[in-house]
Amino acid sequence: MRVVSIVGARPQLVKLAAVADAFAGTGHEHVIVHTGQHYDANLSDVFFEGLGIPEPDVRLGVGSGTHGVQTGAVLAKLDPVLKELRPDWVLVYGDTNSTVAGALSAVKQGIPTAHLEAGLRSYDRRMPEEHNRVLTDHCADLLLAPTPAAVALLEGEGLAARTVLVGDVMVDVCLRVAERVRGTAPRGLPDGIDPARPYLLATVHRAENTDDPARLAALVDALASLPVPVALPAHPRLLARAREFGIELRRGAIRLGEPLPYAALVAEVLGAAAVVTDSGGLQKEAYLLGRPCTTLRSTTEWPESLAGGWNVLVEQPAADAVFAATVLRPAPSAERGTPFGEGRAAERAVRTLEEHVDTRAGAEPGMVVRA
Ligand code: UD1
């Protein structure tokens, strides 16, 4: 079986680490195509090195642009690559522009397409990721769902026949890395953060939070006013928008740092008193690692993380005592359970691709065969 994984942005590289590892123990051919959506070394290369992912076989080098330009550039560059490779499966990950472009290029060439992390919804149509998820789920042939809730949601959208529950591959990677770094001092903390004293870990990068000047200013004010130092490893989008809008990030409690390699991020979560974020991945990592999380959004694609108060949504954080009390609430006593699986999702995903590959035999280019 030949499987082409299409990745391009940071969270996809984490998922790829688990999948590449699961393929390594098989006789299958696993080809990695990197779209180049993320091109900064600290958003891309360090993940390959740090997580032991094989070098990409093909690099499309699309870079940044508007959503249409970026998505279109991946499509245009991917078409000939997939035409030549003619894999048994194209595997796309998560919800980025690279995901929807990869799925479209593959299905339009009649190549069986599987979506890993299918069935997540925020129902927030301002989010580019929400468009990408819905479109990818509805065009892919096989939907690899991370949770029972995602399976139920796909059933509700009429996609039950294409859906298989495999668990969340990010759990595989998070638990593996946590095992390695637990007990080690976090490295790469911004200047001004003492790992021996309580600190918070915050990230902000979503377009809905960064691209409106008033909203970004309010979020930064709220973080700066917290009574505990806040480590803020800044995504390039946050830096770019803050510069554009004249918003100073280095003030109050905020200690600005660089985006982190995965192991360093996990170590910083383990060392932190709590997490404040708008990242889907980090909400879950906080949950898995047992740190209270405050999510700067009105919805989450991971509602399981809300159980017992481990994750709390705050849409309009203010520079006040209410926000501080929410962020600094003690870790809940509620058991966390394993709603995202137990860390063997990538193996299950590979097995599911194997099991469904024969049903595709005889598919002609341009013809989509349903499971
Ligand atoms: C993308 C994903 C988002 C994911 C995030 C993880 C979409 C729609 N969004 O958002 O779901 O959570 O990745 O990081 O696909 N930039 C750099 N260097 C880079 C990459 C980007 O400087 O290596 C800058 C560019 O100015 C670019 C901006 O960041 O315009 C945004 O990058 P882009 O890849 O378009 O989206 P993200 O915000 O990273």
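Whatever comes next refers back to the structure up there.
All figures in this text were calculated on a predicted structure; none of them were measured in a lab.

K.L.:
How would you explain the overall build of the protein chain if you had to name every residue and give the values?
P.N.:
Secondary structure assignment for the protein chain yields 14 helices and 13 strands. Relative to the globule expectation of 21 Å for 371 residues, the C-alpha radius of gyration of the protein chain, 20 Å, shows essentially globular dimensions. With the principal axes as the frame, the protein chain shows a C-alpha extent of 65 × 45 × 40 Å. Taking all 371 residues of the protein chain together, 57% fall into the buried category.

K.L.:
Please set out the sheet that holds strand E13 (residues 311–313) residue by residue, giving values where relevant.
P.N.:
Spatially, six strands are ordered E10-E9-E8-E11-E12-E13 in an open sheet, and the strand pairing comes out parallel. Of all strands in the sheet, those bounded by a partner on one side alone are strand E10 (254–257) and E13. In this sheet, neighbouring strand axes are inclined to one another by 20° on average, regardless of whether the strands run parallel or antiparallel. One ladder, built from three bridges, connects strand E11 (residues 274–277) with strand E12 (residues 293–295); its direction is parallel. Bridging from a neighbouring strand, Val-276 pairs with Thr-294 of E12. Across the sheet, helix H9 (residues 213–224) is in contact with strand E8 (200–203), strand E9 (230–233), E10 and E11; its angle to E10 comes to roughly 115°.

Criteria and cut-off values
- Residues numbered from 1 in each chain as written.
- Predicted model: local features only at pLDDT ≥ 70, side-chain atom pairs only at ≥ 80, totals over all residues.
- Heavy atoms only, no water.
- Helix = DSSP H or I, 4+ residues; strand = E, 2+ residues; numbered from the N terminus.
- Rg over C-alpha atoms; globule rule 2.2 N^0.38 Å.
- Buried < 20%, exposed > 50% of the residue type's maximum accessible area, 1.4 Å probe, protein only.
- Pairing = 2+ DSSP bridges.
- Axes fitted to C-alpha atoms, helices over the stretch in contact; angles between N-to-C directions.
- Contact = heavy atoms within 4.5 Å.

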